[in-house]
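Summary of structural features
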Amino acid sequence: MLDWLGPDEWRAVALSLRVSLWATLVSLPLGILTAYALARWSFPGKQLLNGIVHLPLILPPVVTGYLLLLTFGTRGPVGSVLADWGIVLAFRWTGAALAAGVMAFPLMVRAIRLSIEAVDPKLEQASATLGAPPLWVFLTVTLPMALPGIVAGAILAFAKAMGEFGATITFVSNIPGETRTIPSAIYAFLQIPGGEGPAMKLVIVSVVVAMGALLLSEVVGRRVAARVGGA
């Protein structure tokens, strides 16, 4: 089985896993906060925030990647500041993680938001009337009950990050061993004679990972929901 994929394919798979894991882990806290704000808070600009969060789902991925390049490139307003601190995202695997995280963020937020909205506000109010501060109510009531959606959102975001291509190749290019993830490797293999075989292998890996993530999201979500309900 280990010999089924060549060294180049294994590097692409390993990099995709690394990029997707970091994209999910780093964006998860912000995703929970954003989802809670959209589900529970009323504030000016709420609809604007909701639109910005879901914008990557509507925009062509290449446009999102170009905006990331303008913002986080070494000459961009954010990228230039980071570069002064020795942090460069453009054309690095960390930039691939950023692009993947941005593209997966709407799916994560939506799943978590729906889960938070399903939590009965009366339970939160009852905890608050007993003297619990808002943060404690969130940590002990809202967060545990919304855990199935959080788990499902994280897994779906990971799967989406594994398949991200357009924004990634625009922002960080297609550098072997540095930014060449599975989708970029498939694209590269299809540009050379005889590359259909390796490309098909990576396609199979992508399908297996995507289906596995969907099934895992369903199974884990149900088990966590059952455990939370039983508690």
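All figures in this text were calculated on a predicted structure; none of them were measured in a lab.

1. Re helix H5 (residues 93-117)
- End to end, H5 covers 35 Å across 25 residues, agreeing with the expected 36 Å (1.5 Å per residue, within 8%).
- At Ala104, H5 shows its maximal bend, which comes to roughly 40 degrees, and the proline Pro106 appears one to four places after that position.

2. Considerations on the side chain of Ser27
- As for its placement among the helices and strands, Ser27 is situated in helix H1 (residues 7-40).
- At a separation of 2.6 Å, a polar atom in the side chain of Ser27 contacts the main-chain carbonyl oxygen of Ala23.
- Not counting the four nearest positions on each side in its chain, Ser27 is found in contact with Phe105 and Met108.

3. Notes on the side chain of Thr142
- Residue position: Thr142 is located in helix H7 (residues 134-145).
- Taking relative accessible area as the criterion, Thr142 reaches 1% and is therefore assigned buried.
- When neighbours within four sequence positions are excluded, Thr142 is seen to be in contact with Tyr36, Ile116, Val119, Glu124 and Val137.

4. Considering the packing of H7 against helix H8 (residues 147-162)
- One way to put it is that H7 packs onto H8 with a least axis distance of 4 Å and a crossing angle of 60 degrees. Here H7 is positioned oblique relative to H8, judged by the angle of their axes. Within the contact between the two elements, H7 uses Leu143, Pro144 and Met145 and H8 uses Leu147, Pro148 and Ile150.
- Considered class by class, the residues forming the contact of H7 with H8 number 6 nonpolar, no polar and no charged.

5. Comments concerning the packing of aromatic side chains
- Inspection of every chain in the model, using the stated rule, returns 3 aromatic pairs.
- Seen from their ring centres, Tyr36 and Phe138 are 5.0 Å apart, and the 75 degrees between their planes marks the pair as edge-to-face. One end of the pair, Tyr36, is in helix H1; the other, Phe138, is in helix H7, and 102 residues separate them in sequence.
- The interplanar angle of 45 degrees and the centroid separation of 5.6 Å between the aromatic rings of Phe165 and Tyr187 together place this pair among those described as tilted.

6. With respect to unusual backbone geometry
- Even without being glycine, Phe91 reaches a positive phi, approximately 60 degrees.
- Secondary-structure assignment places Phe91 in the loop between helix H4 (79-84) and H5.
- With a phi angle near 65 degrees, Ser173 is a residue other than glycine that sits in the positive phi range.
- Its location among the elements puts Ser173 in the loop between helix H9 (166-172) and helix H10 (182-189).

Calculation notes
- Residues numbered from 1 in each chain as written.
- Predicted model: local features only at pLDDT ≥ 70, side-chain atom pairs only at ≥ 80, totals over all residues.
- Heavy atoms only, no water.
- Helix = DSSP H or I, 4+ residues; strand = E, 2+ residues; numbered from the N terminus.
- Expected span 1.5 Å × (residues − 1).
- Bend = angle between axes of the 7 residues up to and from the residue.
- Polar contact = N/O pair within 3.5 Å; in protein donor to acceptor, adjacent residues only side chain to side chain.
- Contact = heavy atoms within 4.5 Å.
- Buried < 20%, exposed > 50% of the residue type's maximum accessible area, 1.4 Å probe, protein only.
- Axes fitted to C-alpha atoms, helices over the stretch in contact; angles between N-to-C directions.
- Parallel < 35°, antiparallel > 145°, perpendicular 65-115°, else oblique.
- Nonpolar A, V, L, I, M, F, W, Y, C, P; charged D, E, K, R; others polar.
- Phe/Tyr/Trp six-rings, centres within 6.5 Å; stacked < 30°, edge-to-face > 60°.

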